[in-house]
Amino acid sequence: MNSIKLENKNLAGVVTPEQISAYDKVATDAIYQIENATGEGSDFLGWAHLPSSITDAEIEDINNTAKNLSDNCDVVVAVGIGGSFLGAKAVNEALSDAFATSHKVVFAGQNIGEDYLSQLLNFLKDKTYGIIVISKSGTTTEPAIAFRLFRENLEKKLGKAEASKRIVAVTDASKGALRKMADTEGWKTYIIPDNVGGRFSVLTPVGLLPIAVAGFDIKALVEGARAMEMTTMKPGADNIAQTYAMTRNALYNAGKKIEILVNYNPRLHYFAEWWKQLYGESEGKDGKGIFPTAVDFSTDLHSMGQWIQEGERTIFETVLSVECSDNTVVIPSDKDNLDGLNYIAGKRVDEVNKMAELGTRIAHVDGGVPNIRITIPSINEKHLGELIYFFERACGISGYILCINPFNQPGVEAYKRNMFALLEKPGYEQQTAEIKKRI
Ligand code: PA5
């Protein structure tokens, strides 16, 4: 079948197949915990059967809203952070032409960069734009600031009534400031289900709406995810999510505390950012968890390559290997051959890239870096859907193997409390007094 595959035979002798198989029982239990909602955090398992439960009518409705925004706006600003940003950004970037002069969707609210916001306001000056504001809690500071700015700007441009037709809110069914505002102003809304956490929400309107506005096929994305849902629901040797979860836990217990997600295709840069949130927020707790990081190869072979080859041996690599690129570029022959490149003249650039990948894998494995390889037939909606669900399912299994609750994120609150105290937010008077003594 034409779908993503996993290979875990190049593990640099760090763990044996038997050591991986030793996780079979706990991984099987984890799969049943997810299926039967008997593990920690079982209130947040809505993602597990999301692909198979999305209806054609829901997809059509999202596509209609996207078309409406797209037809009436030069550009749409998707406002959100973390799980309310990274999935859509990852898919849109993977599917877009990197050099397109204009993108239908731009993102805001994923930082508090004054220059970024100012430049975006300037970019929107002569454009008709719409806003998709995405926040599950409806109270997150970064997107709230961005939304206030872009909404005010839009209302000044078009008047409140016209602006309202171009604002869509994706938020909780009943809670949070954004829900209250949307209901008061009569904006079109989509609901983020209670039982789907931010980092698992890309296949809800959180991700699907900005992806559809960018012109991509969300039905194919969901179908890819659905196919992966079906093949990873049950335990077994052919469950690649289980194999990935077992392998990375075996490596972690053998001292490999850092996982580097590697791509050889710049289209997947933001996919790695999405993956970092998924695994970092899910597993980094109780003093445990693999540290997820990422590199773009071959670019970063010229910066991080030395460390990976010879630095502290606490790392392993998970490589996203794209089998077929969409385009063909052949290296030309040159009669003078002053650059000495004629030995690869006539070859496709992708063939050189593949040899870079193979050569790097052999070198890194020789250097003691275990290598897990995920092959992706090509970058399209279907395979991205498979990949998204594969990583989500594996994350749930892996977290349960690690004996943590993979579905909460208590640590994310600490910086917010301090920031609110420092900004003297009403209700934080005591924390303000305490933090001021420390600075
Ligand atoms: O995973 C999480 O829950 C967080 O990273 C959130 O995605 C992020 O904080 C955005 O939250 P919200 O959608 O509530 O604005």
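Reference entry: report on the structure contained in this document.

The rules behind these values
Residues numbered from 1 in each chain as written. Predicted model: local features only at pLDDT ≥ 70, side-chain atom pairs only at ≥ 80, totals over all residues. Heavy atoms only, no water. Phe/Tyr/Trp six-rings, centres within 6.5 Å; stacked < 30°, edge-to-face > 60°. Helix = DSSP H or I, 4+ residues; strand = E, 2+ residues; numbered from the N terminus. Buried < 20%, exposed > 50% of the residue type's maximum accessible area, 1.4 Å probe, protein only. Lys NZ or Arg CZ within 6 Å of the ring centre and 35° of its normal. Near = heavy atom within 4 Å. Polar contact = N/O pair within 3.5 Å; in protein donor to acceptor, adjacent residues only side chain to side chain. Areas by Shrake-Rupley, 256 points an atom, 1.4 Å probe, with all protein chains shown as cover. Pairing = 2+ DSSP bridges. Axes fitted to C-alpha atoms, helices over the stretch in contact; angles between N-to-C directions. Contact = heavy atoms within 4.5 Å. Salt bridge = Lys/Arg side-chain N within 4 Å of Asp/Glu carboxyl O. Parallel < 35°, antiparallel > 145°, perpendicular 65-115°, else oblique. Left-handed = near helix turned anticlockwise from the far one by under 90°. Nonpolar A, V, L, I, M, F, W, Y, C, P; charged D, E, K, R; others polar.

## What to know about the packing of aromatic side chains
One pass over the structure, following the stated rule, counts 19 aromatic pairs. Between Phe85 and Tyr270, the ring centres sit 6.2 Å apart and the planes meet at 80°, which makes this aromatic pair edge-to-face. Of this pair, Phe85 sits in the loop between strand E2 (75–79) and helix H5 (86–95) while Tyr270 sits in helix H13 (residues 269–283), and the two are 185 residues apart along the sequence. Looking at Phe85, the relative accessible area reads 6%, which means it is buried. Taken together, the ring pairs connect Tyr244, Phe271, Trp274, Trp275, Tyr279, Phe390 and Phe391 into an aromatic cluster. When the ring centre of Phe123 is taken as origin, the NZ or CZ atom of Lys127, which lies over that ring, is 3.9 Å away. Above the plane of the ring of Tyr252 lies Lys257, whose end atom (NZ or CZ) is 4.3 Å from the centre.

## With respect to the site of the ligand
The immediate surroundings of the ligand are formed by 13 residues, with Gly83, Ser84, Ser135, Thr140 and Glu281 found nearest. One of the side-chain nitrogen or oxygen atoms of Ser135 is found 2.6 Å away from an oxygen atom of the ligand. In the environment of the ligand, an oxygen atom lies 2.7 Å from a nitrogen or oxygen atom belonging to the side chain of Ser137. Calculation on the ligand without its partners gives an accessible area of 380 Å², and the protein chains cover 88% of this total.

## So, the sheet that holds strand E7 (residues 258–263)
Strand order in this open sheet of 5 strands is E1-E10-E9-E7-E8, and the pairing throughout is mixed. Of all the strands in the sheet, just strand E1 (5–10) and strand E8 (291–296) have a single pairing partner and so form its edges. Strand after strand, the sheet turns through a mean of 25° between neighbouring axes, direction not considered. Sheet analysis places E1 next to strand E10 (residues 371–378), joined by 4 bridges and oriented antiparallel. Within the sheet, the bridge partner assigned to Lys5 lies in E10 and is Thr375. Packed onto the sheet, H13 meets E7, E8 and strand E9 (315–324) and runs at close to 175° relative to E8. The strands touched by helix H15 (residues 349–366) are E1, E9 and E10; relative to E9, the strand with the most contacts, the crossing angle is about 160°.

## Quick look at the side chain of Arg361
With respect to the helices and strands, the residue Arg361 is situated in helix H15. What Arg361 contacts, discounting residues up to four positions off in sequence, is Glu7, Asn10, Asn371 and Arg373.

## Digging into unusual backbone geometry
A cis amide bond, omega 10°, links Phe297 with the succeeding residue Ser298. Looking at where Ser298 falls in the secondary structure, it is placed in the loop between E8 and helix H14 (305–310). With a phi angle near 55°, Ala12 is a residue other than glycine that sits in the positive phi range. Mapped onto the secondary structure, Ala12 falls in the loop between E1 and helix H1 (17–21). Positioned with a positive phi, Asn337 is a non-glycine residue whose angle comes to about 50°.

## Overview of the pattern of salt bridges
For side chains of opposite charge, pairing can occur when their charged atoms come near one another. Following the criterion strictly, the structure yields 30 salt bridges and no others. The residue Glu386 makes a salt bridge to Lys382 at a minimum N-O spacing of 3.3 Å. In this pair, Glu386 and Lys382 are both assigned in helix H16 (residues 381–401), 4 residues apart and thus about one turn of the helix distant. By sharing partners, the salt bridges in this structure join Glu7, Lys9, Glu357, Arg361 and Arg373 into a single network.

## Quick look at the packing of H5 against helix H10 (residues 205–213)
Relative to each other, H5 and H10 sit at 30°, their axes nearing to 8 Å. By the angle class used here, H5 and H10 are roughly parallel. Judged by the twist between their axes, the crossing of H5 over H10 is right-handed. Contact residues: H5 offers Ala88, Val91 and Asn92, while H10 offers Val206, Gly207, Pro210 and Ile211. Its residues assigned to classes, the contact of H5 with H10 shows 5 nonpolar, 2 polar and no charged.

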